[in-house]
Amino acid sequence: MFEDLVEDYKNNIAKLISLCEGKTIVFDFDGVLTKFQYAENRMLPCRDDDVHDYTVSGGNIYQNVPIQKTLQYIISQLPKENIWVLTQTIPIMRNIKNEVIIKNFDIPVERIIHSDSALHKLVFLKEIYAQTNKPILFVEDTVSTLLRAEEDMDYVQGFHISGLIP
């Protein structure tokens, strides 16, 4: 039984890598490239509405961020020039998040885009497509964002992160 799960997991990873061929790959960050667990026993070390104030007072929710090793592996197998990160980020946290992405995934800052909202991501997907002129595989954990991207742009294929789990 366990061996079957491991085999399914390997096949799911291989399938995602295969889906990326010939495409621009756009990854979300929080909950995709990381586990969404920024405090030891809670999702966040403060209330979601207080993240800005927490950061201003010297807090860093990304200090011990748990990176998804599976995604590190997948990204290491892909052509770097095809990879983008598109993440919703409040302005005060953008440089902090950039550092984490660059350190753990070796994505250049020029291909890290911070949106103001989930809906704003759609604008950036259009801009990425205009720049690359290649189909986009959008790896995201928010279903509504994936659905809107696929419904509004025929050149976007969504991949929900749960597709890796056997």
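No experiment lies behind these values; they were computed from the predicted model shown.

S.K.: Can you lay out the overall build of the chain for me, pointing to particular residues and giving the numbers?
M.R.: Assigned secondary structure in the chain consists of six helices and five strands. Reading the chain from its N end, one meets helices and strands in the order α-β-α-α-β-α-β-α-β-α-β. Its C-alpha radius of gyration of 16 Å places the chain within 12% of the 15 Å reference for a compact globule of 166 residues. Along the longest, intermediate and shortest principal axes, the C-alpha atoms of the chain span 45 × 45 × 30 Å. Looking at the chain alone, contacts between residues at least 24 apart form 70% of all its contacts between residues at least 6 apart.

S.K.: Account for helix H1 (residues 2-19), with residues named and values stated.
M.R.: Each α-helix turn comprises 3.6 residues. Residues three or four places apart therefore point the same way. Between its first and last C-alpha, H1 extends 26 Å over 18 residues, near the 26 Å set by a 1.5 Å rise per residue. Taken together, the buried positions of H1 are Asn12, Ile13, Leu16, Ile17 and Leu19. Buried residues of H1, viewed axially, fall in a sector of 165°; they line one side. Exposed and facing more than 90 degrees away from the buried side of H1 are Glu3 and Lys15. Tucked into the core, H1 has its buried residues touching helix H3 (69-76), strand E4 (136-140) and strand E5 (156-160).

S.K.: Pulling in residues and values, what's your account of a negative patch on the surface?
M.R.: Taken together, the side chains of Asp48, Asp49, Asp50 and Asp53 define an acidic patch exposed on the protein surface. In this structure Asp49 comes out as exposed when scored by relative accessible area, which is 65%.

S.K.: Requested: an account of the sheet that holds strand E2 (residues 83-88), with residues and values cited.
M.R.: Taken in spatial order, the five strands of this open sheet run E3-E2-E1-E4-E5, and their pairing is parallel. Edge positions in the open sheet fall to strand E3 (112-115) and E5, since each of these has one partner strand only. Across the sheet, the mean angle from the axis of one strand to that of its neighbour is 25°, orientation sign disregarded. Two elements, E4 and E5, share five bridges in a ladder whose sense is parallel. Bridged to Leu137 within E5 is Gln157. Packed onto the sheet, helix H6 (residues 143-152) meets E4 and E5 and runs at close to 160° relative to E5.

Reading the values: the criteria
Starting afresh in each chain, residues are numbered from 1 along the sequence in its written order. At least 70 in pLDDT is required for a residue's local features to be given in this predicted model, at least 80 for side-chain atom pairs to be given and counted, and no such filter applies to totals for whole chains, interfaces and linings, which use all residues. The basis for every side-chain value is the complete set of heavy atoms in the structure, and neither hydrogens nor water enter the calculation. A run of H or I in DSSP counts as a helix once it spans at least four residues, and a run of E counts as a strand once it spans at least two, with each numbered from the N terminus. Each radius of gyration reported is based on C-alpha atoms, and the globular scaling rule is 2.2 Å times the count of residues to the power 0.38. Two residues qualify as a contact provided that any one of their heavy atoms is within 4.5 Å of a heavy atom in the partner residue. To estimate the expected span of a helix, subtract one from its residue number and multiply by 1.5 Å. Between buried and exposed lies partly exposed: a residue is buried under 20% and exposed over 50% of the maximum accessible area for its type, with that area taken using a 1.4 Å probe on protein chains only. To obtain the arc, one takes the directions from the helix axis to the C-beta atoms. The patch calculation keeps residues exceeding 30% relative accessible area without a salt bridge and links them within 9 Å when they carry like charges or within 5 Å when they are nonpolar (Val, Leu, Ile, Met, Phe, Trp, Tyr). What sets the accessible areas is the Shrake-Rupley method with a 1.4 Å probe; for residues, cover comes only from the shown protein chains. Between Lys or Arg on one side and Asp or Glu on the other, a salt bridge is scored when a side-chain nitrogen of the former is within 4 Å of a carboxyl oxygen of the latter. Under the convention used here, Asp and Glu are negative, Lys and Arg are positive, and both His and the chain ends fall outside the count. A charge is said to be at NZ when it belongs to Lys, at CZ for Arg, at CG for Asp and at CD for Glu. We call two strands paired when DSSP finds no fewer than two bridges between them. Axis lines are fitted to C-alpha atoms, over the contacting stretch for helices. Their N-to-C directions set the angle, which ranges from 0 to 180 degrees.

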